[in-house]
Structure formats: C-alpha cells, structure tokens
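Given next are the chains, with one letter for each unit.
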Amino acid sequence: MNELIQLPPTWEDKLASEYDKPYFQKLIAFLNDELKTQTIYPPNPLILNAFECCAFEEIKVVIIGQDPYHGEGQAHGLCFSVNEGVKIPPSLKNIFKEIQSDLGKDISKSGNLERWAKQGVLLLNAILTVRAGKAASHRNKGWEQFTDTVIRLISEEKEQVVFLFWGNYAQQKGKIVDDSKHLVLKSAHPSPLSAKLFFGNQHFSQANQYLEKWGKTPIDW
C-alpha cells in the first residue's frame, strides 16, 4: 500500500482489494498533493489509528463520526476523541454527560477515547483527514467510499455488533448495515445544536445489555 497510509495486518487482509481501485488511487494522489502545501490532521501516522487501536476480530461496537477535528493537536484518528491534555470538545462533553446519566459514571476528565477502542469500539470517522482550520475540506475525495466499504464489511462478516449512529449524516451512512443480525441504535447528534434530542437515548446501557445477551464482555464506558 502507499507509504502515506498503512493498514495494520488484521485489516489489510480484508481491505487490500481497495488499494488498486481508481477512487483510492485518486485519494492517495490528492493527499500527497495536499501535504506538499498544507497541514493535514490527524498527522500521517495517525490517519488510520481507528484500525490500529481496534482489530477487526475484536469489534463489538461501531461509532461513526463525520470528519476529524481541524484544530492543532486535537485529532488523533478516533472519532469524537482528542489527544490527552486537550480541552474536551462540546460534542464529547455531551457524550460524557449522557454516560453519566445513563450509567451513573463520573464524567471523564480525559477526552482520549483510546480506552474504548482497546475494548472493541471502532471509532470511525466517515472522512479520515482534514486540512488544518478547514472543516470538511476533504469531503468527496474518496474517504466516504472507503469507510462505506469498512461498514459493509463489518455488517456482512460479523454478527451481533452494536452500531451507534448519531445525527442524520451517520444514519444515512448506516443504511448499509443489516439490522437483522446487528443492533442499530440511532439518535440526534451530541452537538450542542441537537443535544437536547441526544440526551436520554440510553445508547450506552442498551449496547452493554445487548453485548451481555450474546455472551460478550460489556464496554467500560
């Protein structure tokens, strides 16, 4: 694969067929051009961090975000998550509030969600890169097709996975999931603009109840 982005072996076995497709070649060419003149987030080694932190075999839950944070030092390749020591963004703050309400847990002081990923939560943005300071600047460059392939792969090859789709964008992307063999939970986005409709969705307790029902270890949210 292109040296710019390298999938870990557990995923490369499943997705290697994408590398030679025209859309993916165009995506790599676009990213290489961007890097000549622009700063891109997350940094190169972290573009595929969601896959590094959560092996295909370990997936229990999938959360879909839109595109990475575009501020310096924030994005590290996991949707909604920020690097250690970075101020917790509003949407993530609301996610933590819902966890507190739903499960009675204290609100986390860290916005780094790697701890979830290592338990089998795939934190996947639909678009995996962004130009510094310009939200959604890498939209329609090929990432959406790649991440659709990832979602379809999980839906087809795995069973009893929990998919959390927050907001219309994620819900549209999730239409390819087979809800006859997976748990699909939908709600408003945790953004301050729609958080009133996000609060009370109880997605975290529902996810854990489903996992336990199928003999899987629940997530320590």
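In case you missed it, the structure is sitting above this.
Residues numbered from 1 in each chain as written. Predicted model: local features only at pLDDT ≥ 70, side-chain atom pairs only at ≥ 80, totals over all residues. Heavy atoms only, no water.

Section: the sheet that holds strand 3 (residues 121–125)
Whenever strands of a sheet pair, they do so through backbone hydrogen bonds, lying parallel or antiparallel.
Working step 1: Strand order in this open sheet of 4 strands is 3-2-5-6, and the pairing throughout is parallel. Both outer strands of the open sheet, strand 3 and strand 6 (183–187), are each paired with one neighbouring strand and no more. Across the sheet, the mean angle from the axis of one strand to that of its neighbour is 20 degrees, orientation sign disregarded.
Working step 2: Summarising the sheet, strand 2 (residues 61–65) and strand 3 pair through 5 bridges and their orientation is parallel. Counterpart to Gly65 in the pairing with strand 3 is Asn125.
Working step 3: Helix 6 (residues 143–157) rests against strand 2, strand 3 and strand 5 (162–166) of the sheet, and its axis sits at about 155 degrees to strand 3. (Pairing = 2+ DSSP bridges. Helix = DSSP H or I, 4+ residues; strand = E, 2+ residues; numbered from the N terminus. Axes fitted to C-alpha atoms, helices over the stretch in contact; angles between N-to-C directions. Contact = heavy atoms within 4.5 Å.)

Comments concerning helix 9 (residues 203–213)
Working step 1: By the burial criterion, the buried members of helix 9 are His203, Phe204, Ser205, Ala207, Asn208, Tyr210 and Leu211.
Working step 2: If you follow the buried residues of helix 9, they end up packed against strand 2, helix 4 (90–103), helix 5 (114–117), strand 5 and strand 6. (Buried < 20%, exposed > 50% of the residue type's maximum accessible area, 1.4 Å probe, protein only.)

Brief notes about the pattern of salt bridges
Working step 1: Evaluated as defined, the whole model comprises 7 salt bridges.
Working step 2: When the shortest N-O distance is used, the salt bridge between Glu34 and Arg131 registers 2.6 Å. Taken together, the residues Glu34 in helix 2 (residues 22–37) and Arg131 in strand 4 (residues 130–131) connect sequence positions 97 residues apart.
Working step 3: Since its relative accessible area comes to 7%, Glu34 is described here as buried.
Working step 4: Its salt-bridge partner being Lys105, residue Asp220 comes within 2.8 Å of it at the nearest N-O pair. Of the two residues, Asp220 is situated in the segment after helix 9 and Lys105 in the loop between helix 4 and helix 5; the sequence distance between them amounts to 115 residues.
Working step 5: With relative accessibility at 27%, the residue Lys105 sits in the partly exposed group. (Salt bridge = Lys/Arg side-chain N within 4 Å of Asp/Glu carboxyl O.)

Comments concerning the nonpolar core
It is characteristic of soluble globular proteins that their nonpolar side chains tend to be buried jointly.
Working step 1: Counting residues in hydrophobic clusters, the biggest one holds 70 residues, and the most contacted among them are Trp11, Ile63 and Trp116.
Working step 2: Non-local contacts of Ile63, meaning those with residues more than four positions away in its chain, are made with Cys79, Phe80, Trp116, Val121, Leu122, Leu123, Leu124, Leu164, Trp166 and Trp221. (Core = buried A, V, L, I, M, F, W, Y, C linked by side-chain atoms within 4.5 Å.)

Quick notes on the packing of helix 2 against helix 6
Working step 1: At a closest axis distance of 9 Å, the pairing of helix 2 and helix 6 adopts a crossing angle of 130 degrees. When the axis of helix 2 is compared with that of helix 6, the two are oblique. The handedness of the crossing between helix 2 and helix 6 comes out as left-handed. Here Tyr23, Phe24, Leu27 and Leu31 of helix 2 come into contact with helix 6, specifically with Trp143, Gln145, Phe146 and Thr149.
Working step 2: Classifying every residue of the contact of helix 2 with helix 6 gives 6 nonpolar, 2 polar and no charged. (Parallel < 35°, antiparallel > 145°, perpendicular 65-115°, else oblique. Left-handed = near helix turned anticlockwise from the far one by under 90°. Nonpolar A, V, L, I, M, F, W, Y, C, P; charged D, E, K, R; others polar.)

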